[in-house]
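Here are the chains, one letter per residue:
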Amino acid sequence: MASANSSFVRTTPVPAMAPPERERGMVGWLRDNLLSSPINIALTLASLWLLYLIIPSLLNFLVLDATWTGHDRTACLMTPERPHVGACWPFVWERINFFTYGFYPANERWRVNIFFVLLVVGIVWLLKRRMPYKKFGAIYFFILLPIVSIMLLLGFPPLGLSYVATSLWGGIMVTVVVSAVGIVFSLPLGIILALGRRSTMPVVRLFSVIFIEFVRGVPLITVLFMASVMLPLFVPESWSPDKLLRALIGVALFAAAYMAEVVRAGLQGIPRGQYEGAEALGLGYWKMMGLIILPQALRITIPNIVNSNIALFKDTTLVFIVGIFDFLRTIEVARIDPKWATPITSTTGYAFAAIFYFLCCWMMSRYARGVETRLVTRNRRRK
Amino acid sequence: MADARGTARPQVSPINDPRWRSAIVQVLLCLVIAWLAYGAITNAADNLARARIASGFDFWNSTAGFDISQTLIPYTTQSTYGRAFWVGLLNTLLVASLGIVFATIIGFAIGILQLSKNVLVSRLAAAYVEIIRNLPLLLQLLFWYNAVLKALPNLRESITIPGGAVLNNRGLFLPRPIFGGAMDFVLAAFGLGVIGAIAFRHWARRRQALTGEQSPVFIVALSLIVVLPLVVFVAAGIPVTFEQPEMGRFNISGGIEILPEFAALLFGLSIYTAAFIAEVVRAGIQAVSQGQTEAAFSLGLRPGPTLRLIVIPQAMRVIVPPLTNQYLNLTKNSSLAVAIGYPDLVQVFTGTVLNQTGQAVEVVAITMAVYLTISLITSGLMNLYNRRFALKER
């Protein structure tokens, strides 16, 4: 018989009990996330109500009530049999070539298509990981592609490519050209300006700072106005730059000032030791920058460079205001065409433009975020 | 370096000496820029002379001869170009300042909702940010103006909103309040209330410092500033009447008229900038480490004071600089008014005045100078703020 003061101690741990039913699974998740307090319940109800307002009407407009076939406005009109009309898609189908090429001659449009393909090849080559010959990719994108594109789009009679005036260019093609020129020129210019701003030479620094702060302090519209009305004044009359070229110069200068600040942030993120190491090896300024500092600085700023390119891509719509026939302008022209004029034509045009711009910008921002996570995880592993 | 050891500095040819080199580079740069500037100026003078455009600011005092749809100061077609400039500038400042207020309110709300534990709410807020940020502002403005406001019913079928407001495709017409003479008493009560609230706060602080006892500052201040004038307002017999917008045969007269151009610009700018402000706010709050909150709780602070005294002051340090940038962006973006015809500085001055006078150099220079001044003042204030509140680390 055991003595009175002997106690029983278990030798094995008690198995953990399952959490209570209402803390688990669907119910627990709902209680935790959506219904934890009166305010939370109110917020949940408000969100559900918002979703109820937005999703069905959006779905109805874009898909369920939308018109899919037809040849003119009568297909998209409200009739007693069709009290609800949604998007007028035949209008977009019929105008899709106009939206893409503007007034570019129909039998020369294959040249624009080749340009699109070459551009996509360049972008994929540069942005995709583990693509071979990245260096040649950069040469292709920043030197070869611009030359070939000008010959293709503008024309090059020795090769049998007839001349197409830029006043005939339009639509998505112009939007892409303007953003591509902005991106291609802003990076090298921005790097030079950023290096100038961090230079030890006071005059170089002063001019860089003045240019960057001046351009960043004014709206893009005024830069475009300056390029379109003042640039022709500043050059000899015989030069008189083309209207599109003027806008391109304005966009490139504007983008360069913003890019300079992005690159400067990257340069500041490089530890001093890297500079000192390069100097200890006896490298001169350009070798130090080109071989040691810039490659690292640009790599850590890729997400910011992409973000700044997204902003540029959206901002290119402003060339519309100085009379360039970009994608948004084609929408504006098409939506007031009497052949398709119905109450929902404008909304359809804007919805199409919104889908286009959203997809482009969203893919770019996905890419930037992907690079960011990759950089963070790589840095973490190294520690 | 060599001098430090007492040895003579080695002789270097001037081509390889960094000091000489940088001096030469800088002189060359100056020469190139001076040459470019000289070329630009002579070309401009030639071109202007050929086009017979006078240079100088004489146009400032000539009669403008065009009308402006919204003016905050008296303006007629007989007014000068200078007057038109001020009208445009004031319209820009009006839409920018109202836009800043609305964008801040929406942006802070969305930013905080993005951090909500409620998945539905935070996802909705994130979707708002993602969609709005990835669409060009110009597209949004055109959408609000052409597809929403211009698609409203015409004058005959105007929508009447309870309270006397009228909405149609010409704008929103609100009743205009007309205050009676007794309003002076209400204003006086409001002034007294503000002074009283400040005095009470001062007294409460001293009392807390001396005795440790807290006073209900917020409730007392609220009743002094809001309730007191309200009581006087009712006691004075509600001295306000409304001038209702009258529906005429061809137009609406009376009341306050809000143009669709103004509404679309204000709406678009606020919604667009709010998405960026929301991200700024979210990042700012997330930058305050969780340990700060835990430390505050362990000191016995309740969630309210923790947020107000610990988290928000630290988050503001991170939020304010990018927030100011967003305010600047909003002000600069208000120049997109030109696309929908709201008479802001760019539309009136760089648009109409430039077209009529042809004086591109002067007009564009003045416009840029205005925006540059706004930017420089803002960044100057920002630097002051940073100097005062930046984290002082040892």
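Residues numbered from 1 in each chain as written. Chains lettered and ligands numbered in written order. Predicted model: local features only at pLDDT ≥ 70, side-chain atom pairs only at ≥ 80, totals over all residues. Heavy atoms only, no water.

- Looking at an unreviewed UniProt entry, one finds chain B named Amino acid ABC transporter permease and attributed to Pseudorhodoplanes sinuspersici.
- The record in UniProt for chain B states the following under Sequence similarities (unreviewed entry): "Belongs to the binding-protein-dependent transport system permease family. HisMQ subfamily." (UniProt positions renumbered as here; feature names shortened; annotations may be inferred.)

- Under an unreviewed UniProt entry, chain A has the name Amino acid ABC transporter permease and belongs to Pseudorhodoplanes sinuspersici.
- Looking at chain A in UniProt, the text filed under Sequence similarities (unreviewed entry) is "Belongs to the binding-protein-dependent transport system permease family. HisMQ subfamily."

1. A short note on the state of the cysteines
All names here are of chain A.
- Tallied over the full model, the rule gives 1 disulfide over all chains.
- Shown here is the disulfide that connects Cys 76 with Cys 88, its sulfur atoms set 1.9 Å apart. Handedness here is read from the sign of the S-S torsion; for Cys 76 and Cys 88, about 70°, the answer is right-handed. One end of the pair, Cys 76, is in the loop between helix H2 (38-64) and helix H3 (89-101); the other, Cys 88, is in the loop between H2 and H3, with 12 residues separating them in the sequence. We note that Cys 76, like Cys 88, is buried.
- Its sulfur unpaired, Cys 360 is 6.6 Å from the next cysteine sulfur, which belongs to Cys 361.
- Here Cys 360 falls in the partly exposed class, since its relative accessible area comes to 21%. (Disulfide = S-S within 2.5 Å. Helix = DSSP H or I, 4+ residues; strand = E, 2+ residues; numbered from the N terminus. Buried < 20%, exposed > 50% of the residue type's maximum accessible area, 1.4 Å probe, protein only.)

2. Digging into the interface of chain B and chain A
- Taken together, the contact between chain B and chain A spans 50 residues of the former and 56 residues of the latter.
- Between chain B and chain A lies a buried interface of about 4500 Å² when both sides are counted; carbon and sulfur atoms form 74% of it.
- Viewed at the interface, chain A and chain B are joined by 1 salt bridge.
- We note a salt bridge from Glu 130 of chain B to Arg 369 of chain A, for which the minimum N-O separation is 3.7 Å.
- The tally of links between chain B and chain A comes to 16 residue pairs in polar contact (both at pLDDT 80 or more).
- Of all elements in the fold, only helix H1 (18-50), helix H3 (119-133), helix H4 (137-149), helix H7 (260-287), helix H10 (337-340), helix H11 (345-357) and helix H12 (360-389) of chain B reach the threshold of two or more residues within the side of chain B that touches chain A.
- Each residue belonging to the side of chain B that touches chain A can be placed in one class, and the counts come to 33 nonpolar, 12 polar and 5 charged. (Contact = heavy atoms within 4.5 Å. Buried area = accessible area lost by both parts, 1.4 Å probe. Salt bridge = Lys/Arg side-chain N within 4 Å of Asp/Glu carboxyl O. Polar contact = N/O pair within 3.5 Å; in protein donor to acceptor, adjacent residues only side chain to side chain. Nonpolar A, V, L, I, M, F, W, Y, C, P; charged D, E, K, R; others polar.)

3. A short note on the nonpolar core
- Counting 134 residues, the largest nonpolar core has Phe 99, Trp 169 and Phe 327 of chain A together with Phe 66 of chain B as the members making the most contacts within it.
- Looking at this core element by element, the count peaks at 12 residues for H7 of chain B.
- In this structure, Ala 194, Leu 267, Ala 297 and Ile 305 of chain A belong to the second largest nonpolar core, which totals 17 residues. (Core = buried A, V, L, I, M, F, W, Y, C linked by side-chain atoms within 4.5 Å.)

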